[in-house]
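Structural characterization, general
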Amino acid sequence: RLEEAIWSFMTTFIEKKEMGIDDHHSMLIHTCHRQDSHRSLAYSVREYVRGEMPSILHSYPVQERASKLIKKAHPRKISDRDIDELVEKLREIDWEGEVSIIEVNSRKVDEEDKQQPESQERALDYSRRPRAWIAVGGTALARGFTLEGLTTTYFTRLSNKPNYDTLLQMAR
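A brief report on the enclosed structure follows. (Residues numbered from 1 in each chain as written. Predicted model: local features only at pLDDT ≥ 70, side-chain atom pairs only at ≥ 80, totals over all residues. Heavy atoms only, no water.)

**Considerations on the overall build of the chain**
Cut-off, in case you're wondering: We count a stretch as a helix when DSSP gives it H or I for four or more residues in a row; a strand needs E for two or more, and each element gets its number in order from the N terminus. Relative accessibility under 20% of the residue-type maximum defines a buried residue, over 50% an exposed one, and the middle range a partly exposed one, all with a 1.4 Å probe and only protein chains included. Note on definitions: a residue-residue contact is assigned when non-hydrogen atoms from the two residues lie within 4.5 Å.
If you tally the helices and strands in the chain, you get seven helices and four strands. Going from the N terminus to the C terminus, the chain shows its helices and strands as α-β-α-α-α-β-α-β-α-β-α. When burial is assessed residue by residue, the chain has 47% of its 172 residues classed as buried. Sequence separation of 24 or more characterises 73% of the internal contacts of the chain that already satisfy a separation of 6 or more.

Next up, the structure:
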């Protein structure tokens, strides 16, 4: 599920910081080729990361939902004490300044995008300080696009007949 992938992405973001890895951290969300689905999904992810996720982290008792999501998202066994520490660190994240959710496609910025400044951001600007990126797109992400610090990849659809070489190309 996408929600679990987002939590996995954010917990690995914290873990990289804890290990002293001060570098970009990226997540790729691959949808279909239709650009309207990129906009819609980027908007939904932005709403979740900016609104619902912080409210889950700041609600009491946090242990219920956040603990369940972290345990599902985490690749190894994790103790309740470690979850509490992760939650505290996740609460400290500047969700506006450190995490960017962008569409990666050739669609031009329109009037609807102008209502949301972050929707106008179309390129990953690696010259700025290290930050977390969630890139939402389709064909542009699957072919020759490099995300620095890629730790999480989520595909929203499955192919009827996946070709091995296509899957390798998309996973690079």
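Next comes the rest of the write-up.
**Examining the pattern of salt bridges**
Worth spelling out the cut-off: For this document, the term salt bridge refers to a Lys or Arg side-chain nitrogen within 4 Å of an Asp or Glu carboxyl oxygen.
Under the counting rule described, the total for this entry stands at six salt bridges. Across the pair R1 and E3 runs a salt bridge, and its minimum N-O distance is 2.8 Å. The class of R1 is exposed, set by a relative accessible area of 57%. Residue E3 is classed as buried on the basis of its relative accessible area, which comes to 14%. Residues joined in a network through salt bridges with shared partners are R1, E3 and E4.

**Considering helix 1 (residues 2-18)**
Defined as follows: One fewer than the residue count of a helix, multiplied by 1.5 Å, yields its expected span.
An ideal rise of 1.5 Å per residue puts 24 Å on 17 residues; helix 1 measures up with 24 Å between its terminal C-alpha atoms. Burial analysis of helix 1 places 14 of its 17 residues in the buried class, the great majority of the element. Taken from the residues just after helix 1, G20 is the one with a positive phi, measuring 80°.

**With respect to the nonpolar core**
Convention followed: The nonpolar core is taken to be a set of buried Ala, Val, Leu, Ile, Met, Phe, Trp, Tyr and Cys residues, with the residues joined through side-chain atoms within 4.5 Å.
Ranked by size, the top nonpolar core spans 34 residues in total, and within it I6, W7, M10, V45, V99 and I134 carry the most contacts. If you list the elements that add at least two residues to this core, you get helix 1, strand 1 (25-30), helix 2 (35-58), helix 3 (65-73), helix 4 (80-91), strand 2 (99-104) and strand 3 (132-137). If we skip the residues at most four places from it in the chain, I6 touches M27, V45, Y48, V49 and M53. Among the nonpolar cores identified, the runner-up in size contains six residues, and L28, A135, L141 and L147 belong to it.

**Structural notes on the packing of helix 3 against helix 4**
What counts is decided by this rule: In this analysis, axes come from line fits to C-alpha atoms, helices being fitted only over the stretch in contact, and the angle between any two N-to-C directions falls in the range 0 to 180 degrees. Any angle between 65 and 115 degrees counts as roughly perpendicular, while under 35 counts as roughly parallel, over 145 as roughly antiparallel, and the rest as oblique. Residues are grouped as follows: Ala, Val, Leu, Ile, Met, Phe, Trp, Tyr, Cys and Pro are nonpolar; Asp, Glu, Lys and Arg are charged; every other residue, Gly included, is polar.
Relative orientation of the contacting elements helix 3 and helix 4 amounts to 105°, with a least axis distance of 10 Å. Of the possible angle classes, the one that applies to helix 3 and helix 4 is roughly perpendicular. For the pair helix 3 and helix 4, contact is made by A66, S67, I70 and K71 and by D80, I83, L86, V87 and L90, respectively. When its residues are assigned to classes, the contact of helix 3 with helix 4 shows six nonpolar, one polar and two charged.

**Topic: the environment of D23**
Tracing the chain through its elements places D23 in the loop between helix 1 and strand 1. Sequence separation of D23 and R131 is 108 residues, and the distance between their C-alpha atoms is 7.2 Å.

**What about the environment of H24?**
So the rule is basically this: Throughout this description, a polar contact denotes any pair of N or O atoms lying within 3.5 Å of each other; where both atoms belong to protein, one of them has to be capable of donating a hydrogen while the other can accept it, and for residues adjacent in sequence the pair is counted only when both atoms sit in side chains.
Within the secondary structure layout, H24 lies in the loop between helix 1 and strand 1. With a relative accessible area of 4%, H24 lands in the buried category. Sequence-wise, H24 and A132 are 108 residues apart; in three dimensions their C-alpha atoms are separated by 5.9 Å. A distance of 3.4 Å separates the side chain of H24 from the side chain of W133, its partner in a polar contact.

These figures come from the coordinates and say nothing about function on their own.
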